[in-house]
Amino acid sequence: MAVTIQYLVVRNGIDKMTFTNKKDADAYDRLLDLAEHLDELLADAPVSLNETDREALALYLAEHQDQLSGPKKKPAKKADKALNKSEAAHATEHDDDIQAVA
């Protein structure tokens, strides 16, 4: 007979999910904490949502939290850096053409 350890995530007396790994169970628990916080935030929002839709939206936002900060910047390639340096050098050559207007 094999013994299996299971981690059960329980919210408000309701079994939400079972995991065989404590790390995954803790991550899911944190996700539910964030969803609960977002649900409270959405309850005060200037839009009216019924409770079921608000909870579903809060969970969706919690699951996609990495996308909420917007697109990540891609590191500049070396060719782009070289192009930018040549443009900067070209611009400084023509700085004499620029006049201050008061």
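The structure under discussion appears in the preceding block.
Calculation rules
- Residues numbered from 1 in each chain as written.
- Predicted model: local features only at pLDDT ≥ 70, side-chain atom pairs only at ≥ 80, totals over all residues.
- Heavy atoms only, no water.
- Phe/Tyr/Trp six-rings, centres within 6.5 Å; stacked < 30°, edge-to-face > 60°.
- Buried < 20%, exposed > 50% of the residue type's maximum accessible area, 1.4 Å probe, protein only.
- Pairing = 2+ DSSP bridges.
- Helix = DSSP H or I, 4+ residues; strand = E, 2+ residues; numbered from the N terminus.
- Axes fitted to C-alpha atoms, helices over the stretch in contact; angles between N-to-C directions.
- Parallel < 35°, antiparallel > 145°, perpendicular 65-115°, else oblique.
- Left-handed = near helix turned anticlockwise from the far one by under 90°.
- Contact = heavy atoms within 4.5 Å.
- Nonpolar A, V, L, I, M, F, W, Y, C, P; charged D, E, K, R; others polar.

Observations regarding the packing of aromatic side chains
Inference 1: Following the criterion strictly, the structure yields one aromatic pair and no others.
Inference 2: A centroid spacing of 5.6 Å and a plane angle of 50 degrees characterise the contact between phenylalanine 19 and tyrosine 28, whose relative ring orientation is tilted. In this pair, the class of phenylalanine 19 matches that of tyrosine 28, namely buried.

Observations regarding the pairing of strand β1 (residues 7–11)
Inference 1: In the sheet, β1 pairs with strand β2 (residues 14–19) via five bridges, with the strands oriented antiparallel. Residue pairing across strands places leucine 8 opposite threonine 18, the latter belonging to β2.
Inference 2: As consecutive antiparallel partners, β1 and β2 are separated by two residues, and within that stretch asparagine 12 has a phi angle of approximately 50 degrees, a positive value.

A short note on the packing of helix α1 (residues 22–43) against helix α2 (residues 51–63)
Each packed pair of helices is defined by two parameters, the angle between the axes and the distance between the axes.
Inference 1: Viewed as axis vectors pointing N to C, α1 and α2 meet at an angle of 130 degrees, and their least axial separation amounts to 8 Å. With respect to their mutual orientation, α1 and α2 come out oblique. Handedness of the α1/α2 crossing: right-handed. Contact residues: Leu31, Leu32, Leu34, Ala35, Leu38, Asp39, Leu42 and Ala43 in α1; Arg54, Glu55, Leu57, Ala58, Leu59, Leu61, Ala62 and Glu63 in α2.
Inference 2: Grouping the constituent residues of the contact of α1 with α2 by class yields 12 nonpolar, no polar and four charged.

Without other data, these values stay purely geometric and don't point to any function.
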